[in-house]
Every structure is written in C-alpha cells, then in structure tokens.
Amino acid sequence: MSIAGQRSRHGAGMWLAGTLLCAGASLGLMGCDDTVPYDPGGGLSRVSSALTAFRSCDEVDEYIVDHYTEMFLREWLSWGWWGPVFGDVDAGMPPENGAPDDGTGGRDESPDDFSETNTQEAGVDEADLVKTDGQYLYVLLDGQLRIADSWPAEDLAEVASVAISGYGENLFLVGDTVITVTSLYGGGGYWRDYAEDVAEPSPGDDGMCPEDGCGGWVPGDGFTGTRLTFVDVSDRENPEITREVDVEGYFVATRRVDGQIYLVNSTSMPYDWQAMQRVAQRVNVPENIWQMNRAEREAWTDRNRARVRSAVAAELDVTAAREALLPDVREGGEIVGALLACQDLYRPSFDEESTGVLSVIAIPTTGSGDPQGVGLVSNGWHVYASRDALYIARDSMNWWWFSSEQPSVETTVHAFGLGDGSPSYRASGAVPGFIKDRYSLSEHEGYLRIVTTDAPTWWWGGVDGPAVGIGGDDVAVSPPEAIGGSAGDGTDGDGGQWAPKQTEPAVQANSLFVLQQRGDRLVTVGEVRGFGETERVYAVRFMGDVAYVVTFRETDPLFSIDLSVPTNPRIRGELHIPGFSNYLHPISETHLVGVGRDADETGRITGFQVSLFDVSDIENPLRVDLQTIPLDNGWAWSESDYDPRAFTWYASRNLFAVPVTVESWDGTGMRPAGFSGLIVYHVTPEDGISEAGRIEHELSYDDGAWWWYQPMRRAVFIGDYVYGISHAGVSVAPLEDIGSPLSFVPWLGRLF
C-alpha cells in the first residue's frame, strides 16, 4: 500500500518498536499437495495461523481495546507491582549490517576481481559497512559515508566524504548510487560525530580533530524511525544526497533483491500506565488482590472482564494507540502521510498477544516512488530472505513469563512474498524451541527448514520437577520465601507448587523441522528431534539437501542431516571434537570452514580457532585441519562470531579474512596479547589451512593504566591486494606480503 494519507502525531510520546520494509508478490514455497501425509507430533504447536485482515479502523480499535483488557487482567493483576513490560523486545535488538554488490561504477582500468559482502543467499543483497566496485571503497562509519580511491593500490586515498544522519553501518551500492540505512532516535537529542547541523571544530592540518572533538549535540525532534538516504556518487569526489526517506519505527533488518530494497521495521502501542490506573479505580480492584491465590484471582477476572473492557474503552486514548501502530513516512523533515491504512494490517488468527506491528515495505533502488507496505500485528527480529520470500521469526524465550498460561518456548515464523515491489503477507507457523539466528532458517525447493534448541522451562506452580536451564544456561531459582511463599509449605504464595513445572522435555536437545505452505499456514511436514542432548546450537549451515549443525557444551558435535526427502529428514553423520564453531562457511561442495573457539575436554575455552571440515561423505564428516591462537590467561573474540558479514571470502585466491582480538590478564588489567586486527588465511581442500598474514591498525595506551584499540571491522580483497577497514582508517597490503602494508590512510576528521 502506498502512503495512506497525511497526519502528524509523532510528537505525542509514542513508543515505537519496529516496522518491517519489504516488497512482495508470489511466495516461492507454495505447498505441493502430493507430499506424504505427516503428523506433526507437536511440531506445529498451537498455531493454526489462518490470516485475518482488518476491514476498518473500527476493527483495529476493537482489537486494541481487547488487547489492553487482557493485558490489564493478565499483567496488572498478576505482576502489577513490577509494572508490566510493554512494547517489543525487538526494539532493543541490534540492527543488521551486510550485502553483495552489483554496482559497476568504477573506471575501465579497475580490477574486475574483488570480494563482495558475505551473504546468506545468492542473489539477496545485504547492507554492510563497506562496499567496493573494484575501483573505489565506500565506507559508512561514525556518521560519515567515505569514498576512497583504492586503485592503483599504491595511490590509495580518501577522495570525499558526506555526513549521513542517524546511527547505523548499513549501505547498498547499486551502480552510481549508494543507499544508506540508518536509525533516527528522536527524544531529547543525541551526541553524534561529524554532525553537520551543529557547530563543530574543523580538523587541523594533520586531519585530526582538536581535543574538544569534531562532533556535537543534535537536538531531537521526537521522530524515531529508519532513514534511507540516496547518494549520487557518479562524481566520486563530489557525492550528493538526492533523497532522504524516513519510515517511523525501529529498524529490524534490510535486504535488496534486484531493483527493490526491503526494509523491516517495527512499531508498537504505547503503554498508558495512568489509563490503567484509572481503569483499576473504575472497576474497584480489591485492595487485597495480591493476597488472593490464583483460583480466586481467576474467578474475579471472569466475573469482571466485561466491566474491565468497558473501563478500558472509556479511559484509553484508542486513536493515539492506533496511530502509534501505523507508521508515518517523512521527507525533508515533514510528515507526508501514513505508510499503512487500517486495511493494510493483518492479524494471525491465533492470539499472539502482540503489542506491535511489523511493516513490510519496499522502495526502488532508484529512489523514485513512494514506499509500499503491508503490516502484520506481530513481533519478530530474526529476518531471513530468499529471492522469492522473506521470513520473520520470533522465539518466545523472553516473553512467556508475562502470561498466566502454561509457558512454552517456541519460534513463530511469518512469511511474506517478494516480487514486484508490493509486499504481501502469506502465511504463519510455529515450531517448538528457539533459534540461534537467521542462519537457522533456509528455504529450498518449496520447503522452509528450521533448526531449533529445545528449552526446558521452569514455572511457578504445577507439578514437581527439577529446575532446568533456559537456552543452555542454568537459572538460579529463588527459595519460596523470597517470592512470597512459605519455606514450610512448598508453595509460591498463590496456592500452587513452588517446584518448577516441566513444559518441555526434561533434557535440552535440538531439532530440525521442515515446513511447507498450505493455504495461509506453514505446517510441519517433516522433523528430526532430540539430537545433541544437553547442548545447544552454535552454528547452522544449509547446503542444498544437507544441513550441518554445530552444538556444544563440552565437545563440539557436527551433525550432517540429510534433507533429500523433506518429509523424512535423517541424521546421517556425527563428528565429536573439542571446541566449537560459531560460523560455518562453504568453500566448495565438499568442504566447510568453521570459525569459533578451541576448548579442552571439559568445555573450557582455550583459544581462538578456525577449522576445515571434509563433508564429502555425509555419513563421516571429518575435521581435516585446524589453526588455533592459544589464550594466555585471557580471552579472544571476533565480530564474525555474531555477524557473518565480518567473514570475507575471496574464492579466486582461496583466501578468507576475519577480525580477531586476543587479550590477556597481566595482573593489573586486561591487555592486548600482541594482536587486534585482521587475520588472513589460505585454505584449500588439498593443502588445508595456513595463515597468510595479519593486518593491524593503531593501538593506544594511556599512562599504562588502561588501553583502547581500533578493532578491525572488515577486509576487502581487490586484485592482488587486501584492504583493512577500521574506524581509524584504511590500509592496503599485497597478498604476497600481507605483513608489509603499502600504506595506511587515516580517515579525515576522525576523532581518534
């Protein structure tokens, strides 16, 4: 739906939590009805997932009143002394970066062999903090879009920069256009580096900022949203911003497929605490409500639900709540209309108790036309996209304790069609357990595959059972007297058993589910459950009809799962080795590289490691080589642990690079153990893994009392050279001697 109409209300104190931008047409996993019948056996938990469209704003208002009514009865009466948590968990989720490039804006003599952003799916571009066309580097860091002429390598130089509003490190490169995606946080203002709309000192002759910095305080305007900035870079030395489009809501993720950018944002209703207090007064909530046991409170709820709903309708500003759900679009700082009309909103038939709307929006990479969007009353933060569909997943790991119902940890998935730039909501489904990240999902030949970890949960009240962990971590359970119960009677103060209730398998394990779209449902048609007992998923990689899953607790099992018959997935191979991989990357059809940690037989981390796995025999996966960096009373980390875009693969030279920082304890504090930078490895199935070289930027100390460093963020390979990107600047080194850089170019006006 195009912009629905003009209104202005973003200064009304709304709390927003996420809007989803995307475009859609036909979904590429339309179900085949000739598949073998399958009994989910719990794989499809409670979700029937029929799609319901709101027919009018009145229906949206009725939903809001119903939602606040149930929220009041559930959370105010059960947890009111804390104040219910309201809004969306995904509002605080870290935004994604990442993307491959089809831009061709370089000079004729520039190399045509260069690395691209590491992406999950071929043909699906992901925004990242750096792109290249072989001639130039385009880098978005610290509020500046910087353009560096990278070829010839000996003449590396920054040729231009332009200030980009908002926070974020996401850019696409499409020909002679750079599109940045950043987050705007209204409120009372914020500090930003290189702010163009505040008085700022000028850099000195050495390109460095004075002690009082080159940034400043930017006043807030009350608008929170995601900004797409289109920059014409046809003249690389004079880039020009041609358009800024803002969509209200918190940024979740973005992708590019062909000529469309798909943006995922989220908005949510405000929590009106004062209105709820007035509701409590209207319905005369008993003063001793907190002393009632659960049965007494539920009886009071049943008797007074209609009265509570009438009070909510009278006291709540329903119009303001509805407008908070429907995101505005801005251009030039002015509201030009609402992205969604009420009729553009959809709701799954199952009650997800959602306080937010995911908006799926598309906008052409040319920067022309209005954003097109569709909204779903739901929440979610894991975003996976194929060329044909976009999926948003949300697990209930951090939600169940606000419900009076028996908790169940599960992952809900919503599917949207992609195509002509008109988003379309297709179907929803759910499976038991929680997912690690978007790499836990994969679409292939009409099926969606999902890998989850079971989460045995604890619950106050119910049957006896041992206290168990959430997501692989032990949960400390308070004694009953600490939560209002009695140590002598074994209750929780509500008349229920204090001992935790088991609502999932007593032993944590992992599962793979295969889903297929049937009508407006994603139904489970195949599964394999219970592998990697007592462990949780650390990495997943799908390669066609095979899934490779790493789990870990004390050792690192690598499971190979045969998906050639989607209705009957089978574990075919299993490898147990010390340590674990956080990320798996295929370098051929028969070999995987794993990046993670080395560990001893007890599971104690002993170092950073990269592994080479031979998976040519699905029944006998092998680790055929290993490179480690031992720890000396310290720790190591890599951005590639949680962001695969930090892993750079250069297939033509059999090289990959990862940023690594190793620290150790010297008796007075943590110190770098000699290295914080990029490590470049050479790898082939025949020769294994060998270190090709390391790249470091500046490392600074302050009176020996504390230290800070410029962590390396990305590597870019162009021809026979590797470029290192950090917040400090960019360096270049020949592949034949990576340890001897040709030059380091500091970013002009940098703060450090």
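Rules used throughout
Residues numbered from 1 in each chain as written. Predicted model: local features only at pLDDT ≥ 70, side-chain atom pairs only at ≥ 80, totals over all residues. Heavy atoms only, no water. Phe/Tyr/Trp six-rings, centres within 6.5 Å; stacked < 30°, edge-to-face > 60°. Lys NZ or Arg CZ within 6 Å of the ring centre and 35° of its normal. Helix = DSSP H or I, 4+ residues; strand = E, 2+ residues; numbered from the N terminus. Expected span 1.5 Å × (residues − 1). Bend = angle between axes of the 7 residues up to and from the residue. Buried < 20%, exposed > 50% of the residue type's maximum accessible area, 1.4 Å probe, protein only. Polar contact = N/O pair within 3.5 Å; in protein donor to acceptor, adjacent residues only side chain to side chain. Contact = heavy atoms within 4.5 Å. Pairing = 2+ DSSP bridges. Axes fitted to C-alpha atoms, helices over the stretch in contact; angles between N-to-C directions. Disulfide = S-S within 2.5 Å. Core = buried A, V, L, I, M, F, W, Y, C linked by side-chain atoms within 4.5 Å. Salt bridge = Lys/Arg side-chain N within 4 Å of Asp/Glu carboxyl O.

## Here's the deal with the packing of aromatic side chains
Next, step 1: Enumeration over the complete set of coordinates arrives at 17 aromatic pairs.
Next, step 2: If you follow Arg-330 out to its NZ or CZ, it ends over the ring of Phe-223, 3.9 Å from the centre.

## Structural notes on helix 3 (residues 294-315)
Next, step 1: Between its first and last C-alpha atoms helix 3 spans 27 Å; for 22 residues at 1.5 Å apiece the expected length is 32 Å, and the helix comes up short by more than 12%.
Next, step 2: Helix geometry: helix 3 is bent most strongly at Asn-304, by close to 60°.
Next, step 3: Residues of helix 3 that are buried: Arg-297, Trp-300, Thr-301, Asn-304, Val-308, Ala-311, Val-312 and Glu-315.
Next, step 4: You can read the cap of helix 3 off the contacts: a side-chain oxygen lies 3.2 Å from the backbone nitrogen of Ala-295, and it is on Asn-293.

## Considerations on the environment of Met-712
Next, step 1: Mapped onto the secondary structure, Met-712 falls in strand 43 (residues 712-718).
Next, step 2: Between the C-alpha atoms of Met-712 and Pro-659, which are 53 residues apart in sequence, the distance is 5.7 Å.
Next, step 3: If near-sequence neighbours (up to four positions away) are discounted, Met-712 is found in contact with Glu-639, Pro-659, Ser-676, Gly-677, Leu-678, Ile-695, His-697, Gly-724, Ile-725 and Ser-726.

## So, the sheet that holds strand 33 (residues 591-599)
Next, step 1: As summarised here, the arrangement of the four strands in space is 32-33-34-35, forming an open sheet in which the pairing is antiparallel. Of all the strands in the sheet, the pair left with one neighbour each is strand 32 (580-586) and strand 35 (622-630). The average undirected angle you get between the axes of adjacent strands in this sheet is 20°.
Next, step 2: Bridge analysis of strand 33 against strand 34 (residues 605-614) gives nine bridges, and the strand direction is antiparallel.

## Remarks on the state of the cysteines
Next, step 1: This structure, assessed with the given rule, holds one disulfide.
Next, step 2: A sulfur-sulfur separation of 2.0 Å characterises the disulfide bridge that pairs Cys-57 with Cys-342. What sets the handedness of the Cys-57 and Cys-342 disulfide is the S-S torsion sign, and at about 95° it is right-handed. Here the residue Cys-57 occupies a position in helix 1 (residues 57-79), and Cys-342 occupies one in the loop between strand 16 (334-338) and strand 17 (345-348), the gap between them amounting to 285 residues.

## Some details on the environment of Leu-263
Next, step 1: With respect to the secondary-structure elements, Leu-263 resides in strand 14 (residues 260-268).
Next, step 2: C-alpha separation for the pair Leu-263 and Gly-373, spaced 110 residues apart in sequence, amounts to 9.5 Å.

## A closer look at the nonpolar core
Next, step 1: By size, the foremost hydrophobic cluster in this structure holds 49 residues, and its most contacted members are Ile-64, Tyr-68, Phe-72, Leu-228 and Met-276.
Next, step 2: Residue contributions to this core peak at eight residues, all from helix 1.
Next, step 3: Counting residues in hydrophobic clusters, the runner-up holds 22 residues, among them Val-593, Phe-608, Val-683 and Ile-689.

## With respect to the sheet that holds strand 16
Next, step 1: Reading across the sheet, the six strands line up as 7-8-11-12-15-16 and stay open at both edges, with antiparallel pairing between neighbours. Taken across any chain shown, the strands that pair with only one partner, and hence form the sheet edges, are strand 7 (167-174) and strand 16. Mean inter-strand twist for the sheet, computed between neighbouring axes without regard to direction, equals 20°.
Next, step 2: Pairing geometry for strand 7 and strand 8 (residues 177-184), over six bridges, is antiparallel. For Leu-173, the partnering residue across the bridge sits in strand 8 and is Val-178.

## Re the pattern of salt bridges
Next, step 1: Under the definition given, this model contains 35 salt bridges.
Next, step 2: For Glu-126, the salt bridge goes to Arg-438, with nearest N and O atoms at 2.9 Å. Here the residue Glu-126 occupies a position in the loop between helix 1 and strand 3 (130-132), and Arg-438 occupies one in the loop between strand 23 (424-432) and strand 24 (441-444), the gap between them amounting to 312 residues.
Next, step 3: The partner of Arg-713 in a salt bridge is Glu-639, with the nearest N and O atoms 2.9 Å apart.

## Concerning unusual backbone geometry
Next, step 1: Following Trp-151, the chain continues to Pro-152 via a peptide bond in cis, the omega torsion being 0°.
Next, step 2: In this structure, Pro-152 sits in the loop between strand 5 (144-149) and strand 6 (157-163).
Next, step 3: Even without being glycine, Glu-445 reaches a positive phi, approximately 50°.
Next, step 4: Mapped onto the elements, Glu-445 comes out in the loop between strand 24 and strand 25 (447-453).

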